[in-house]
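# Chains, contacts and geometry: an overview
Read off the chains here:
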Amino acid sequence: MASRTRPTTQSPPLPAGLTREQLLGIYRYLRLTRTLEERLTALYRQSKVIGGLFRSLGQEGESVGSAYALERGKNGDILSPLIRNLGSMLVMGARPVEILRQYMAKADGPTRGRELNVHFNDLELGYLGQISHLGDMIPVMAGITLTFKLRGEPRVGLVYIGDGGTSTGTFHEGLNFAAVQRCPLVVIAEYNRWAYSTPPEKQFAVKDLVDKAKGYGVAAATVDGNDVLAVYQATKLAVERARGGAGVQFLEVKTYRRKGHAEHDDQHYEPPDELDWWAKQNDPIDRYVKQLIQHDWVDERELSDVDEHVRVEIDEATDACVDEPLPQGETALPGVYANPRAAERLWFRNL
Amino acid sequence: MARVDVLMPQMGESIAEGTVSKWLKKLGDPVKRDEPLFEISTDKVDAEIPSPTAGVLAEIRVQEGQTVPVQTLVAVIETDKSATVQPAAAAAPSAAAPPPKPAAAPGPPPPAPPASPALDRPRPPSTAPVGKGGDGTETADERLRRRSTPLVRKIAAEHSVDISTISGTGFAGRVTKQDILGFIERGAPAAPVSRLPAAAPSGPVPHPTVEPWPGDRVEPFSKIRKITADHMIMSRRTSAHVTSFFEVDYTRVAELRRKHKAAYAERGVNLTYLAFIAKACAENLRRHPVVNAAVSGDNIIYRGEVNIGIAVALEWGLIVPVVKHVDELSLVGIARAINDLGERARTKKLLPDEIQRGTFTITNPGVFGSYAGAPIINQPQVAILGVGTIEKRPKVVTLPDGTDTIAIRTLGMVSMSYDHRVVDGADADRFLADVKRMLEDFPEGAI
Amino acid sequence: MPEVTYLEALRQGLWEEMERDDRVFILGEDVGLYGGAFKVTEGFSQRFGAQRVIDTPISEAAIVGAAAGAAHMGMRPVAEMQFIDFVSCAYDMLTNYVATARYRAGLATPLVVRGPCGGYVRGGPFHSQNPEAAFFHTPGLKIVYPATARDAKGLIKASIRDDDPVLYLEHKWLYRRIKEQLPEGEEIVTPIGEARLAREGTDLSIVTYGATVWKSLEAAEQLEQEDGVAAEVLDLRTLLPMDDAAIMRTVKKTNKVLLVHEDTRTGGVAGEIAARINEQAFEWLDAPIKRVTAHDVPLPYAPTLEDFVLPQTEDIVKAARWLAAY
């Protein structure tokens, strides 16, 4: 079954409410995401990033487009990214040098070497990193948005879940709870066609993820995930409705995972012609560039300037931290509890 | 010019090795940062590996087709970035067969774990808490030296060995399995060696400190004082002290003394009450062996000899010379021995052997006027007899016709402290009753 | 005899049981066409068909629950947790339902739940766990944890054949690092509940399981060479039911014991072993029972942090030296 979803919403001739600067800004985030991931991949193959490396190639559009629709900054909206939502984190203000430090387990990284890749937070900037157990972030975000509601704050939460993730118990419990509580929560279900090697036919018995949403009694919509502006608009609509008190909004974005599950997966199970089509005919950045140029919103030189700036920015960020030290072993001990402050050093390490 | 290492990457958690399948650059080729340098193949995936830096491919360490563990140095790039410090190579996961460490990685090494102190002889930290038992201030180390471990106690019990007599080479000086097995193998005597009565077997006893006030005079213990102080504490801790008080009617003894004193003096012997008492004790220690014993672990040692120590109060302290084989001596022999030992104690002429191997002790607080005392047992014995002052006192006596009257008799208390671990009240009192009876009916023939 | 890795031996064991017994089937995420995240079931789907190698949704609770139902019906399911860290999603089914089924309802539930566990691979807190302690106190479950290729094979076969539910913990760091020559044409089944003496010695005993068996063997070699101390190493292989007799035998032989495991200290299996030694062999102890374990912290990602938190060969050597000198 080929997956060649036609765009279900037309890209609007004029993107509502966006200025030229903002259009360029969106482009910058797309390019930044992709270039940063390329650098991370290289670093992984150079043994500087260890553990594993997961890319969002082909999904940059839906990450950036959806996050861009949120109120950013302190006391703004909060999103919870998954492993392929690096773009969302960059939009919320995560800095490439921090991300590089985190991936490379540097002592000065956001989690001081304790956690991998995107598993880190900045609640002031507005992102709450995941843990590996999929679905777990949904009840957590339900709780966060419930607090917004209880405090009467006009803030919204946004949580991502993959097509595979919708099979977990915590997805079900979290979404159900949020729905019943009418939390101001936007759930972005990324139908990217692959959960590791498992296709949707083996994951669920409905055709589209919006079909599941019906079961929870929440408003749902689908959007072409590789049309950045469409994702932006659809998310903006959902966010406004949530902020207005309409409860949980479920937005399915149709996209495609163009790399394997992680760097060590050669994705041989993905039909090559399908992969090829998505890469050549439906790359979100290519489509966006085409739109920008066609509609004369920006010119090519401005785009290549951004490309160059992004390249330099990533190089500088890498140079800044690639040689930084790893954390000292003993720094693993503090912080298990507020009180006591640190775990004991075990006796055989004291000898 | 700086040299940057290129390592075999780890593509996946369980991957332990990789094969260089193809070099994409030759030695001496220039290479840009992130430009593909070589191809690898692993159990899971094949991949192109990009160069970590711009520069020139200066060394190739692993050839095409060669399989090496992850983190192995595969190539070296020479870069003209000045003073590039080598990145800390991601530390190789420790392996059962450790992969070769990447060669020549200068620069900040991965932070080493804090250096551990030199281990020439590992000093295990004391893991047992400091004892604050109700019994005193025994520390964990002391307890360990005294009681060692379950295994050593088991071996000691099986062979009737006193752990405290063995020198220990283990932690805190404790007796180890090897120590006790060696001790047994060498045929060391099962019974503990008799010690100086005043010596504390487990080393000096720490006495609590007290702040002196202005006007106080502080004087450090003399050796004999230290020995006495330690022994008194140790004895109290060791034995279950109980004291039994008997009143003895010495009227007959007094009579005998009066009668024979002169004759004894001619022979150079001072016939003291102490001699009579010692004679009475000697006879009865044979009859009540539990009072002439020692406690060792869970064993009672019934002494083969009867050696009575006579405590002597000197200006500089207390000393207990011992009359050996008292049960073999006559009254005059005992008297002479007591005189002699007392004299030589006062002139500091006692031999070491003369203050050892006592099996029973007599002390004489009565000489200073004390009515009765409750003396501390002289370890490792189980009983000590205190003789109270002997003087004329009124006493109720029954006349031959059955009437009672008050008479003036020579009376004195004897108080025996005994170790209730092995000497029961009945034992002690039967012994004392016999001693009393003998003194009250002292056989003239024994003189 | 060919040399096989721990992973290949596990695969062989699974394959042989699938061939031998039609009732055996596998279910888990990406186990079929993909052959499993670590390739344990590579080729199985092609050989045994999609009905016996089932690709499931991401639903650990459903996987274990469904395995239980199939087991009641006489099947012998082998449920894979892609990383054993995700068995926590099935904790309810495994402890409340599966472990109690025979006791409360007479329901046979002969299933195996298996998955890659363990660290030293820089996987961070959710790809490195050793969860045995969480299930150890659950009556009704058996827990096995092979350290050698031979036992990886022998124990998976024994677990599948066992009539009780078994939690089979395979160490991902050992997967490709351990190779062993296994005899062909010989049925290799490791009895559950039986420990293995990995190395004989006289001066002290190291009781351990999993990856730390190898670190203990390294340590024992070092102690022999440098200190002249002969350490005995006991590989437990089964945690539940534990081989008390083997443990007491080694304690009575050397009188000094060091317990080593990769799991954290508090509530780790070593505490239970120490209590049993105290109960059954107190009189043979010539030193306190000591433990070398991970620190009580979630497992961090950075190599320097992970190396500090997890027990290393050098820690075992130091601890053994302390014991030897006691």
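As the structure is a computational prediction, the values presented were derived from the model and not from experiment. (Residues numbered from 1 in each chain as written. Chains lettered and ligands numbered in written order. Predicted model: local features only at pLDDT ≥ 70, side-chain atom pairs only at ≥ 80, totals over all residues.)

As a further point, take the overall build of chain A. Across its full length, chain A holds 11 helices and 5 strands. Excluding contacts between residues fewer than 6 apart, the proportion of contacts in chain A whose partners are at least 24 apart in sequence is 77%. (Helix = DSSP H or I, 4+ residues; strand = E, 2+ residues; numbered from the N terminus. Contact = placed C-beta atoms within 7 Å.)

This paragraph deals with the overall build of chain B. Along the backbone of chain B there are 8 helices and 19 strands. Partitioning the contacts of chain B with sequence separation of at least 6, the portion at a separation of at least 24 is 64%.

Let's shift gears to the sheet that holds strand β4 (residues 36–41) of chain B. Residues and elements named next belong to chain B. Taking strand neighbours across the sheet as the criterion, the 4 strands line up as β5-β4-β2-β7 in an open arrangement whose pairing is antiparallel. In the strand order of this sheet, the two ends are held by β5 (46–50) and β7 (67–69), each with one partner. Strand-to-strand twist in this sheet, taken as the mean axis angle between neighbours without regard to direction, amounts to 40°. (Pairing = 2+ DSSP bridges. Axes fitted to C-alpha atoms, helices over the stretch in contact; angles between N-to-C directions.)

This next bit is on unusual backbone geometry. Residue proline 340 of chain A is bonded to the preceding asparagine 339 of chain A through a cis peptide linkage, with omega at 5°. Inspection of the secondary structure puts proline 340 of chain A in the segment after α11 (300–321). With an omega of 0°, the peptide bond between leucine 240 of chain C and proline 241 of chain C qualifies as cis. Relative to the assigned elements, proline 241 of chain C resides in the loop between β12 (238–240) and α9 (244–254). For glutamine 267 of chain A, which is not a glycine, the phi torsion comes out positive at approximately 50°. Following the sequence through the fold, glutamine 267 of chain A ends up in the loop between β5 (249–254) and α9 (272–281). With a phi angle near 60°, aspartate 30 of chain C is a residue other than glycine that sits in the positive phi range. Judged by the 25 C-beta atoms lying within 10 Å of it, aspartate 30 of chain C falls in the buried class. (Buried ≥ 20, exposed ≤ 12 C-beta atoms within 10 Å, placed from the backbone.)

We now examine the nonpolar core. In this structure, Leu185, Val186 and Val187 of chain A together with Val64, Val113, Leu258 and Ala320 of chain C are the most contacted members of the largest nonpolar core, which totals 225 residues. Broken down by element, this core gets its largest block of residues, 11 residues, from helix α1 (residues 20–45) of chain A. If near-sequence neighbours (up to four positions away) are discounted, leucine 185 of chain A is found in contact with Met141, Ala142, Thr145, Gly157, Val159, Ala178, Ala242 and Val248 of chain A. In terms of nonpolar packing, the next biggest core, distinct from the first, is built from 60 residues, Leu274, Ala282, Val326 and Leu331 of chain B among them. (Core = buried A, V, L, I, M, F, W, Y, C linked by C-beta atoms within 7 Å.)

Let's shift gears to the interface of chain A and chain C. In this complex, chain A contributes 38 residues to the contact, which on the side of chain C involves 37 residues. The class makeup of the residues in the side of chain A that touches chain C is 18 nonpolar, 15 polar and 5 charged. (Nonpolar A, V, L, I, M, F, W, Y, C, P; charged D, E, K, R; others polar.)

All names here are of chain C. Axis separation between helix α3 (residues 60–72) and helix α4 (residues 91–98) bottoms out at 8 Å; the angle between their running directions is 30°. When the interaxial angle is binned, α3 and α4 end up roughly parallel. Facing Ala61, Val64, Gly65 and Ala68 of α3, the residues of α4 in contact are Asp92, Met93, Leu94, Tyr97 and Val98. (Parallel < 35°, antiparallel > 145°, perpendicular 65-115°, else oblique.)

Looking now at the sheet that holds strand β1 (residues 78–80) of chain A. All names here are of chain A. What the 5 strands build is an open sheet, ordered β1-β2-β3-β5-β4; its pairing is parallel. Edge positions in the sheet fall to β1 and β4 (219–224), since each of these pairs with one other strand and no more. Strand-to-strand, the axes of this sheet are offset by a mean angle of 20°, without reference to chain direction. As defined by bridge partners, β4 adjoins β5 across 6 bridges and the pair is classed as parallel. Within β5, the residue paired with alanine 219 across the bridge is glutamine 249. Taken strand by strand, helix α8 (residues 228–243) contacts β3 (185–191), β4 and β5, and its axis lies near 170° from that of β5.

Before going further, it helps to spend a moment on the confidence of the model for chain B. Residue and element names in this part refer to chain B. Per-residue confidence for chain B gives a mean pLDDT of 83, with 84% of residues at or over 70. Scored below 50 in pLDDT, residues 83–134 makes 95 contacts in the model with residues more than four places away or belonging to other chains. For the stretch residues 190–201, pLDDT sits under 50, and the model shows 29 contacts to residues farther than four places along the chain or on other chains. This prediction of the complex comes with two scores: 0.70 for pTM and 0.89 for ipTM. (pLDDT = per-residue confidence, 0-100.)

Before going further, it helps to spend a moment on the environment of glutamine 356 of chain B. Residue and element names in this part refer to chain B. If you trace the backbone, glutamine 356 turns up in the loop between α7 (331–346) and β16 (360–363). Classification of glutamine 356 as partly exposed rests on a count of 19 C-beta atoms within 10 Å. Distance from glutamine 356 to glycine 309, taken between C-alpha atoms, is 8.7 Å for residues 47 residues apart in sequence.

A few words on the packing of α1 of chain A against helix α2 (residues 60–67) of chain A. Residue and element names in this part refer to chain A. Where α1 contacts α2, the axes come no closer than 10 Å and their chain directions differ by 135°. Comparing the axis directions of α1 and α2 gives the class oblique. The hand of the α1/α2 crossing is right-handed. Mapping the contact onto sequence places Ile26, Tyr29, Leu30, Thr33 and Arg34 in α1 and Glu60, Gly61, Ser63 and Val64 in α2. Partitioned by chemical class, the residues of the contact of α1 with α2 number 4 nonpolar, 3 polar and 2 charged. (Left-handed = near helix turned anticlockwise from the far one by under 90°.)

Residues and elements named next belong to chain B. Buried residues of helix α2 (residues 150–158): Leu151, Val152, Ile155 and Ala156, and no others. The buried side chains of α2 occupy one side of the element, clustering within an arc of 135° when seen end-on. On the buried face of α2, the contacting elements are α3 (177–185). Two residues or fewer past α2, serine 160 is found with a positive phi of approximately 50°. (Arc of directions from axis to C-beta.)

A word on the environment of alanine 335 of chain B. Residues and elements named next belong to chain B. Its place among the elements puts alanine 335 in helix α7. What makes alanine 335 buried here is the crowd of 22 C-beta atoms within 10 Å. Distance in space between the C-alpha atoms of alanine 335 and valine 269 is 6.5 Å, their sequence separation being 66 residues. For alanine 335, the residues in contact, after removing those within four places along its chain, are Tyr264, Val269, Asn270, Leu271, Thr272 and Ala275.

Once that is clear, we can look at the confidence of the model for chain A. For chain A, the mean per-residue pLDDT works out to 93, and 96% of the residues sit at or above 70. Note on residues 1–8 of chain A: pLDDT is under 50 here. Beyond four places in sequence and across chains, it has 13 contacts.

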